[in-house]
Amino acid sequence: MKNHLSLIILLFSLFCTGQQNKSISKDIYTSAIKNAVDDFREKSSLLKNDNIFSVSYKILNSNFIQINIIGNSNKFYIDGDKPINRLPTNYLEFNNKIFYWYDDNEIKLNTSIISKLQEYGLIEYNADIIEYSRDDKKKSISYYFCTKDLTNYKKVKSNSLKIKIPKLSCK
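Summarised in this report is the structure supplied together with it. Predicted model only: the values in this text are computed from it and were never measured.

Rules of the game
- Every chain begins its residue count from 1, and numbering advances along the sequence as written.
- Selection of residues for local features in this predicted model requires a pLDDT of at least 70, selection of side-chain atom pairs for listing and counting requires 80 or more, and totals for whole chains, interfaces and linings are taken over all residues.
- Heavy atoms from the whole structure form the basis of all side-chain values; hydrogens and water molecules are not counted.
- By this definition, two strands are paired if DSSP reports at least two bridges between them.
- Helix and strand assignments follow DSSP, with helices taken as H or I runs no shorter than four residues and strands as E runs no shorter than two, numbered in order from the N terminus.
- Here the axes come from fitting lines to C-alpha atoms, over the contacting stretch only for helices, and the angles between their N-to-C directions go from 0 to 180 degrees.
- Contacts: residue pairs with any heavy atoms within 4.5 Å of one another.
- For the purposes of these results, a polar contact is taken to be a pair of N or O atoms within 3.5 Å, where, inside protein, one atom must be able to donate a hydrogen and its partner to accept one; residues adjacent in sequence count only when each atom of the pair is a side-chain atom.
- Counting rule for disulfides: a pair of cysteine sulfur atoms within 2.5 Å.
- To count toward a patch, a residue needs a relative accessible area above 30% and no salt bridge. Like charges then connect within 9 Å, nonpolar side chains (Val, Leu, Ile, Met, Phe, Trp, Tyr) within 5 Å.
- Using a 1.4 Å probe, accessible areas were evaluated by the Shrake-Rupley method; residue-level cover was limited to the displayed protein chains.
- Any Lys or Arg side-chain nitrogen found within 4 Å of a carboxyl oxygen on Asp or Glu counts as a salt bridge.
- Given a helix with a known number of residues, its expected span is that number minus one, times 1.5 Å.
- The classification of residues rests on relative accessible area computed with a 1.4 Å probe and restricted to protein chains. Under 20% of the type maximum is buried, over 50% is exposed, and intermediate values are partly exposed.
- What the arc covers is the set of directions going from the helix axis to the C-beta atoms.

As for the sheet that holds strand E5 (residues 90–94)
- Taken in spatial order, the six strands make up an open sheet running E5-E6-E1-E2-E8-E9, and their pairing is mixed. One side of each edge strand has no neighbouring strand; the edge strands of this open sheet are E5 and strand E9 (149–158). Looking at each pair of strands side by side, their axes are set apart by 20° on average, direction ignored.
- Relative to strand E2 (residues 64–71), strand E1 (residues 52–59) runs antiparallel, the two being bridged by seven bridges. Bridge pairing links Phe 53 to Gly 71 in E2.
- Along the sheet, helix H2 (residues 26–43) makes contact with E1, E2, E5, strand E6 (97–101), strand E8 (140–146) and E9, crossing E2 at roughly 45°.
- The sheet contacts of helix H3 (residues 111–119) involve E5 and E6, and relative to E5 the element is tilted by about 45°.

Structure follows, in structure tokens:
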């Protein structure tokens, strides 16, 4: 009986540990975004090229998060009171520069972000023509963070979103 109980406890603890490693909390990727934006605005030469930056994140696996930052002045379109394209849910602002991103876990739209995007000329109401531009030569920076230690990261400057993940030792 003791052996069965010990086995059940062991299996339960392994199951719980495995489940914790598969998901990453919102606090972790939000902190990774803030760390990437802080590094970008303090150290990146790309900061001088734009005032508006799109930030995206991708959870690569339980050990890595990729954060990409690129200058982007494409507008967001609203017809009546309904957005035509997906509006960002979060932003950070520093020295007249805005960094915005989407969080799929946030269902409600933060109305203050519409006002902030409007300040930067990024909202267009009831437009007859919708325009998007993409510059394949535009450089971005991708940050690769260890999820268990956000001070451990590498960054790669590129003009492509398809970047080979750099070697990064995560504990």
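Here the narrative resumes.
Observations regarding the side chain of Ser 140
- With respect to the secondary-structure elements, Ser 140 resides in strand E8.
- Polar side-chain contacts of Ser 140 include one of 3.2 Å to the side chain of Asn 68.

What about the state of the cysteines?
- For the structure on display, the rule yields one disulfide.
- Paired by a disulfide, Cys 146 and Cys 170 hold their sulfur atoms 1.9 Å apart. On the sign convention where negative means left-handed, the S-S torsion of about -80° between Cys 146 and Cys 170 marks this disulfide as left-handed. Of this pair, Cys 146 sits in strand E8 while Cys 170 is found in the segment after E9, placing the two residues 24 residues apart along the sequence.

A word on a nonpolar patch on the surface
- Taken together, Ile 84, Ile 130 and Tyr 132 make up a surface patch of nonpolar side chains, about 290 Å² in accessible area.
- As for its position among the elements, Ile 130 is in the loop between strand E7 (123–125) and E8.

Topic: H2
- End to end, H2 covers 26 Å across 18 residues, agreeing with the expected 26 Å (1.5 Å per residue, within 8%).
- What H2 keeps buried is the set Tyr 29, Thr 30, Ala 32, Ile 33, Ala 36, Val 37, Asp 39 and Phe 40.
- Of the surrounding secondary structure, the elements contacted by the buried residues of H2 are E1, E2, E5, E6, E8 and E9.

Thoughts on H3
- Every buried residue of H3 is accounted for by Ile 113, Ile 114, Lys 116 and Leu 117. Projected down its long axis, H3 carries its buried residues within an arc of 165°, all on one side. Of the exposed residues in H3, those oriented more than 90 degrees away from the buried face are Thr 111 and Glu 119.
- Phi for Gly 121, located one or two positions after H3, is positive at around 70°.

Treat this as a map of the structure, not an account of what it does.
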